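Breakdown of the fold
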Amino acid sequence: MESHFIELSDIRKVYKDKEVLNLNQLRVRKGEIISVVGPSGTGKSTLLRLIAGLEKADTGEIMIDGEQITNVPPQQRPVVYMFQESLLFPHMNVLENVAFGLKMAKVSKKKRYEKSKEMMKRVGLEGLESDFPHEISGGQKQRAALARSLIVHPKVLLLDEPFSSLDTELRKETRRWIKHLLKSENITVLFVTHDLEEAMALGDRVAVLNKGKLQQLDSPHVLYESPFNPFVASFLQGGIWTEERFIPVSSLKLGRHDNQNGRKAEVIETYYQDGKFHCVLSIEHSEAIITLTTREKVNVGEHVKVFEVER
Amino acid sequence: MKWFRTSNPYVLMAPAVLITILLLGYGIVMAFLESIKYYNQPTLSIYRELLSDEIFITSILYSLRIAFISTIISLLIGLILVRSLYPVLRSKFPKLIAWMPMVFPHFIWGYMLFLLFSQTGYISSLLNGMGLHDQPNEFPNLFKDSFGIGIIITYVWKEVPFVILMLLPVYEQLSSPQKELVYTLGGRRWDVFWHVERPYVFPVMLETFFIVFAFVVSAYEVPALLGATYPKMIPVISYDWFFGSDWTKQPYAFAAMVILTLFIVLIVFLTYLFTRKGRIHLAQSSGAFHDLQAENRKYSRVLFFVMLGMTLLPIFILVLTSFVQRWTYGELLPSSLTIRGWHEMLWHGPKFIEAVYTSLGISLLVLLLNLLIGLPAAKGLAFHIFQGKSLVETLLLSPILIPSIVIALGVHLTFIKIGIANHWTGVVIVHLLPTLPYTIKVLRAGYERIGKRQEEIAVSLGAGAWGVFRNVYLPQLIPSIRSVVFLVTVISLGQYFLTALIGGGEVNTMAILFFPYFQTTNDAVIASFSILFAMIPIVVWLLIEGTLRLVIPKQPR
Amino acid sequence: MKKMRMLVWVMLLLFVSACSPSTDAAKESKDILKKDWREIEETTKNKTVRMYMWGGDTGINRYMDEWVAPRLKKDYNITLKRVPMDAPEFLKKLANEKRAGKDAGNMDIIWINGENFKNAKDNGLLYGPFVDKMPNYKKYVDAKSLDIQYDFGTKTEGLEAPWGKVQFVYQYDEEKVPNPPQTFEELAQWVKENPGKFTYPDPADFTGNAFVRQLFYESSGNVKNILDSGYDEDFAQKNSVKMWDYLNEIKPYLWREGKTYPNNLTELDRLYSKGEVYITMGYNEARAEKLIKQSVFPASTRSFVMKSGSLGNAHFLAIPFNSPNKEGAMIAINFMLSPEAQLTKLDSEFWGENMSLDPARLSAADQKKLQTIKRGESVLPAETLKKYLQPEVDSEYVAWLKENWVNEVVQNK
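Cut-offs and rules
Residues numbered from 1 in each chain as written. Chains lettered and ligands numbered in written order. Predicted model: local features only at pLDDT ≥ 70, side-chain atom pairs only at ≥ 80, totals over all residues. Heavy atoms only, no water. Helix = DSSP H or I, 4+ residues; strand = E, 2+ residues; numbered from the N terminus. Buried < 20%, exposed > 50% of the residue type's maximum accessible area, 1.4 Å probe, protein only. Contact = heavy atoms within 4.5 Å. Domains from an automatic or database assignment. Buried area = accessible area lost by both parts, 1.4 Å probe. Salt bridge = Lys/Arg side-chain N within 4 Å of Asp/Glu carboxyl O. Polar contact = N/O pair within 3.5 Å; in protein donor to acceptor, adjacent residues only side chain to side chain. Nonpolar A, V, L, I, M, F, W, Y, C, P; charged D, E, K, R; others polar. Patch = residues over 30% accessible without salt bridge, like charges linked within 9 Å, V, L, I, M, F, W, Y side chains within 5 Å. Areas by Shrake-Rupley, 256 points an atom, 1.4 Å probe, with all protein chains shown as cover. Phe/Tyr/Trp six-rings, centres within 6.5 Å; stacked < 30°, edge-to-face > 60°. Lys NZ or Arg CZ within 6 Å of the ring centre and 35° of its normal. Pairing = 2+ DSSP bridges. Core = buried A, V, L, I, M, F, W, Y, C linked by side-chain atoms within 4.5 Å. 1 Å grid on protein atoms, 1.4 Å probe; cavity = no way out; pocket = protein on both sides within 12 Å on 5 of 7 lines; lining within 4 Å. Points joined across faces, edges and corners; volume = space filled by probe spheres on them. Axes fitted to C-alpha atoms, helices over the stretch in contact; angles between N-to-C directions. Parallel < 35°, antiparallel > 145°, perpendicular 65-115°, else oblique. Left-handed = near helix turned anticlockwise from the far one by under 90°.

On a plain count of helices and strands, chain A comes out with eight helices and 17 strands. Dimensions of chain A, computed from C-alpha atoms along their principal axes, come out at roughly 75 × 45 × 40 Å. Residue burial in chain A is summarised as follows: out of 311 residues, 51% are buried. By sequence separation, contacts in chain A at least 24 residues apart represent 60% of the contacts at least 6 residues apart.

Interfaces are often sized by the amount of accessible area the parts lose when they come together. Residue and element names in this part refer to chain C. Its domain assignment divides chain C into domain 1 (25-166 + 314-379) and domain 2 (167-312 + 389-410). Between domain 1 and domain 2, the C-alpha centre-to-centre distance is 29 Å. Between domain 1 and domain 2 lies a buried interface of about 1800 Å² when both sides are counted; carbon and sulfur atoms form 49% of it. Sorting the residues of domain 1 by area buried against domain 2 places Phe-152, Val-166 and Ser-378 first, and these three jointly supply 42% of that buried surface. Where domain 1 packs against domain 2, one counts four salt bridges. Between Lys-290 and Asp-57 there is a salt bridge, with its nearest N and O atoms 3.1 Å apart. Summed over the shared surface of domain 1 and domain 2, the number is six residue pairs in polar contact (both at pLDDT 80 or more). Contributions of two or more residues to the side of domain 1 that touches domain 2 are made by helix 4 (58-76), helix 6 (114-122) and strand 6 (160-167).

Residues and elements named next belong to chain B. Following the sequence through the fold, Thr-394 ends up in helix 16 (residues 389-401). Since its relative accessible area comes to 5%, Thr-394 is described here as buried. Thr-394 has contacts with Val-265, Val-268, Phe-269 and Tyr-272, leaving out every residue within four places of it along the chain.

With two pairs of chains in contact overall, the contact-richest pair is chains B and C. One finds no contact between chain A and chain C; the C-alpha atoms of the two approach each other to within 21 Å at their closest.

To continue, consider the interface of chain B and chain C. Of the residues lining the interface, 69 residues belong to chain B; the matching set on chain C comes to 71 residues. Buried surface at the junction of chain B and chain C, summed over both partners, amounts to about 6400 Å²; 53% is from carbon and sulfur atoms. For B:Glu506, the salt bridge goes to C:Arg50, with nearest N and O atoms at 3.4 Å. If you look at where chain B meets chain C, you find 30 residue pairs in polar contact (both at pLDDT 80 or more). Examining the composition of the side of chain B that touches chain C, we find that six residues originate from one element, helix 17 (residues 404-418) of chain B, more than from any other. Within the side of chain B that touches chain C, the residues separate by chemical class into 37 nonpolar, 19 polar and 13 charged.

Here we come to a nonpolar patch on the surface. All names here are of chain B. Together, Leu-126, Met-130, Leu-132, Leu-332 and Leu-333 line one region of the surface with nonpolar side chains, adding up to about 530 Å² of accessible area. Relative to the helices and strands, Leu-332 resides in the loop between strand 1 (324-326) and strand 2 (336-337). We classify Leu-332 as partly exposed; its relative accessible area is 46%.

Time to look at the environment of B:Met100. Residue and element names in this part refer to chain B. Note on placement: Met-100 falls in the loop between helix 4 (92-99) and helix 5 (106-117). Among the residues examined, Met-100 registers a relative accessible area of 16% and is labelled buried. In the structure, Met-100 is positioned 438 residues away from Ile-538 in sequence and 9.1 Å away in space, judged by C-alpha atoms. Residues within four places of Met-100 in sequence aside, it is in contact with Thr-311, Ile-315 and Ile-538.

The full count for this structure, using the stated rule, is 66 aromatic pairs over all chains. An angle of 50° between the planes, with centres 5.8 Å apart, marks the rings of B:Tyr239 and B:Phe243 as tilted. Taken together, the positions of B:Tyr239 and B:Phe243, both in helix 11 (residues 234-243) and four residues apart, correspond to about one turn of that helix. Its relative accessible area of 13% is what places B:Tyr239 among the buried residues. A relative accessible area of 16% places B:Phe243 in the buried class. Positioned over the ring face of A:Phe89 is A:Arg148, at 4.8 Å from the centre of the ring. Here the basic side chain of C:Lys326 rests over the ring of C:Tyr127, its NZ or CZ set 5.2 Å away from the ring centre.

Residue and element names in this part refer to chain C. Across the five residues that make up strand 7 (residues 169-173), a large majority, five, are buried. Residues Val-169, Gln-171 and Asp-173 point to one face of strand 7 and Tyr-170 and Tyr-172 to the other, with burial holding for every one of them. Pairing of strand 7 with strand 8 (residues 279-282) involves four bridges; the strand directions are antiparallel. Across the sheet, Tyr-170 pairs through a bridge with Met-281, a residue of strand 8. Pairing geometry for strand 7 and strand 9 (residues 301-304), over four bridges, is antiparallel. Bridging from a neighbouring strand, Gln-171 pairs with Ser-303 of strand 9.

Of all hydrophobic cores here, the largest spans 289 residues; its most connected members are A:Leu190 and C:Ile110. What A:Leu190 contacts, discounting residues up to four positions off in sequence, is A:Ile6, A:Leu26, A:Val28, A:Ile34, A:Leu47, A:Leu48, A:Ile51, A:Leu157, A:Leu158 and A:Leu159. In this structure, C:Ala188, C:Phe216, C:Leu268 and C:Trp400 belong to the second largest nonpolar core, which totals 55 residues.

Attention now goes to the interface of chain B and chain A. The partner chain A presents 25 residues to the 23 residues of chain B that form the contact. For the pair chain B and chain A, the summed buried area comes to about 2300 Å², and 65% of that belongs to carbon and sulfur atoms. Linking chain B to chain A there are one salt bridge. Across the pair A:Arg49 and B:Glu456 runs a salt bridge, and its minimum N-O distance is 2.5 Å. Counting every contact that joins chain B to chain A gives six residue pairs in polar contact (both at pLDDT 80 or more). Secondary-structure elements contributing two or more residues to the side of chain B that touches chain A are helix 19 (453-460) and helix 20 (465-494) of chain B. Here the side of chain B that touches chain A takes seven residues from helix 19 of chain B, the largest share from any one element. For the side of chain B that touches chain A, the class distribution of residues is ten nonpolar, nine polar and four charged.

Evaluation of the coordinates by the stated rule reveals eight cavities of 30 Å³ or more. Elements supplying a minimum of two residues to the lining of the second largest cavity: helix 5 and helix 10 (221-226) of chain B together with helix 14 (265-274) of chain C.

As a further point, take the sheet that holds strand 7 (residues 156-160) of chain A. Residues and elements named next belong to chain A. Reading across the sheet, the six strands line up as 6-7-8-3-9-10 and stay open at both edges, with mixed pairing between neighbours. Edge positions in the open sheet fall to strand 6 (79-82) and strand 10 (213-218), since each of these has one partner strand only. In this sheet, adjacent strand axes meet at a mean angle of 15° when their direction is disregarded. Where strand 3 (residues 33-37) lies against strand 9 (residues 205-210), four bridges are found, and the strand directions are parallel. Residue pairing across strands places Ser-35 opposite Val-206, the latter belonging to strand 9. Against the sheet, helix 5 (residues 168-185) touches strand 3, strand 7 and strand 8 (188-192), its axis set at about 135° to strand 3.

Residues and elements named next belong to chain B. Closest axis-to-axis distance for the helix 19/helix 20 pair is 10 Å, and the angle between their directions is 155°. The orientation of helix 19 with respect to helix 20, classified from their angle, is roughly antiparallel. Considering the relative orientation of helix 19 and helix 20, their crossing is right-handed. Residues Gln-454, Glu-455, Ala-458 and Val-459 of helix 19 form the contact with helix 20, whose own contacting residues are Val-468, Val-472, Tyr-473 and Gln-476. Residue composition of the contact of helix 19 with helix 20, grouped by class: five nonpolar, two polar and one charged.

Quick look at the structure:
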């Protein structure tokens, strides 16, 4: 049997008579980055908080690296949790913030500052040691928060929308070096986001959650090409689910509305990018929304047809 | 079990709740039993008699009116000051100025204002000296008038600093982006106040309202000093029944106070019940500091100087008075000066030194106990939602809502029985009553400002319970602890009646040694005693400030 | 929870330690009265006596701390601790201790009179009778005189020893009032001619009540009538009409048109000191001396008494039922009744108040000393004072006057 680094089984969590999470099984391999996506309120954050031990599941078990941690208090779990906002301690300077975990582990002052400085160098925060959180930029805060998390060498890192407070460019930049860093540290990561592009870019595999249940856990490619069910398909906007069969966007083509075959669709948005016109289409008689490219300009509101092409 | 290791709100609050119940419970029961004369035939006749007595009803209405007016005016002035001044007030010196009137016990402050504004006071004398009027009685009569203007002025002047103390933390955590949002949506100043500030400010205002209202309606000293012969405020009448020569009147005092207490506690409980929801959402703050900008920047400087003047003028007059031998009405300057007042105060020598040490020791112990009991309770209230929270909140607040003579009898009897009457331990424990509610209140606001998330981060980084407290909460609670130090020492030092009764003359604090002198006619003596008295909390404050600096060397900004 | 358990333990410990030694206290204190004086003196060496007394006068406090305490230490090896506390407060404390069954208290001497004595006596808070044990009492106090047998109409029965005597006088500013009134009619006349320049404290106050009480004497014809009838509300009702009429008649001409009154003597004195009113009043015929010296009162302050009489009373020292050092208390009280202590007390440098001793019983030397003491210009001659002296009546009239004054005068619009 394949060995799993993180293994959750039969996890169930109820808040005030409302089931927020119900997972039969979730298995993550060592060093893997898992993106967790899903509509808001589907228990993504709850999942992370359960693993971190900040909340207790009503039933079920959590194993990390072969150890049962279901009843281990949060401070003893080999897990670090990072919030949406950087949440640096406002009363400590950056160096003290980064060194916090080591201080808690009773590492000597000299040693912990030495290590922290090293870590700060790695995340590109050199020279900001004595600044206070309110004196540095949003991106720097996130780097500091990451450094603070990584310095304790957690087996598992839990990221709860860590980039949501950054602007688009900074987000992209930050996620690239984070991925690089995480890979080089070989850390297992669960990463909650609402940004699909980010999820695909960062995650080795992506977990799609809906209404507290795991819908599918696969690599981005598989998710797009063969979603398990209509929810995953429509959530990812990766194609059309028709007659119990999924047709990915890569097999679809735009045609004029007077064609005999194909499915009717309405253009709801167009934009020009990378030398092509992109049009966002709403497929008639379904909730699916897909984006196709074309060489000709199409106008919003126009009716068109969508064909399946042989590959 | 160590409290910081648990997150069970009941455990966190147990010490505070137990001590409150132990101290209050028997006292209230005794007071009620006394008021129905349980020792012969239990009867509610006193209540019937009181509630049909015209003088009593007039007095109740008069008390409620004075309390209501003083409280509302204090709240409004406090709110305006905090809104315009909160960036200024964040620095230590302006804060100390704003809080200064609190170091003077109420009746001393009333006395200071009397010196200033009575018909033969300094202002009137100055006007006369400048030839603006001839007779003292041309000056408006502000004291001992039947409307209670002097009482109201004194309370407003004294309570505004307290309102500032309560509201300041709220304004420090308000976010300016939210305000900007309202402006961009076309909102006016008023909308900003209503939609951004009100949800945060209102619950605190409400609480402050009750604390101040309950205090004013049941405090004895100020109306006794500045009140008219008729109508009298309820506490004055009750004290008279309680301490008067006719001991058969004592049940009347209890009955009057029980009526007042029931009224206040009921209203507070109902309010907590109805405003419970609003507060929960406010506790989810992330703990980030926001850049602060005052609303009315141009006025804030002016306002600050007005406040400075209002605070320093009475103090200046007090200092001057302590050296005046004779200052005839209409003279611009006193005709002769003396150090007699100071001499009278300081010849006590060893007694004086003893009183200073006793006072310091007691207030420090009270402070320590307050923090030990208050920190967990405040955390429990700040971060947890649980069954019976409104009840616990009301209970923990109730010691300051209940007049001390109501519980004095019961507490004293209990303390005699367990042997801590006539001993400093009893005094320290009884001082918890008027101080603990403030401590919990202030610390709770502090916890709410920090938010719970930082604890989660720290825990996830491996911090144990003590580690979290020591490294995350404590340093950020320093501003709140500073307020607690200030409030607790001021209140503890000002306790005369409870200290006299429980300490029984064995525990000679500054209050015990010097309060009797307030009955002299010699203004220089009273003034120098008042100054001496106000110095102690400042000394304690400086001591603690120094210690804090040693313990926690770095503080942001 | 550990903390709570600790607290409970501490409380239990204190409880146990406080409860154990208080047995047989009652029996023990009976035995003291059987001892002879020598024995009593022997047993009190190296002990502390705690005296609870009103502490609002610097002169009195200095007399106790600077004169009495050092001599007690030197002569009897007793440490006297003065605890400043108002009588109603320490009596409340004592009553609570009695109620809680605490036989070992911490007060040894209390300073009381009038209604406080009555309350203490009626509630069994006093130890004694003990006065006859004390040599100085037997030797110098005229135990037969009415003002020592009765304290505001309550029999003293040896439960309290007289410490001093005071008489009610009015103080006025000679420069502003050249001819002070001699009778209440003249006072009313003067008040009408000088509107706003006279008032009296609220009768809830000790002094204010005394002022009204004197009017009550006049209103009922003669003190004798009141003394004969004892406390009788019907009598008071009938005989007070004249008094209420008088007070209502002068009311519009009083300070602040009688809409409000000073709450206590301190306030009246302050008004007098500021020149808002021209007349003040109070017990202790020599009280103005010190205030003149401190420049609180103008130097031209003099005093007068009404021809119809001036109230005089004595104030006393008593021993609480649960005093832990009753022998010491007796020694200390005996010392305070010595001619030396009493003559020093008379000196306005300290207190300036009259002796409780009978001058005729003093030794020739002390009598001479008494005559040489100058009490000051503001103090009336002893003969004048003695001539108009009147006794106090039952202390229940104090409460009666206080309550009815509100209805008859304040409420009367």
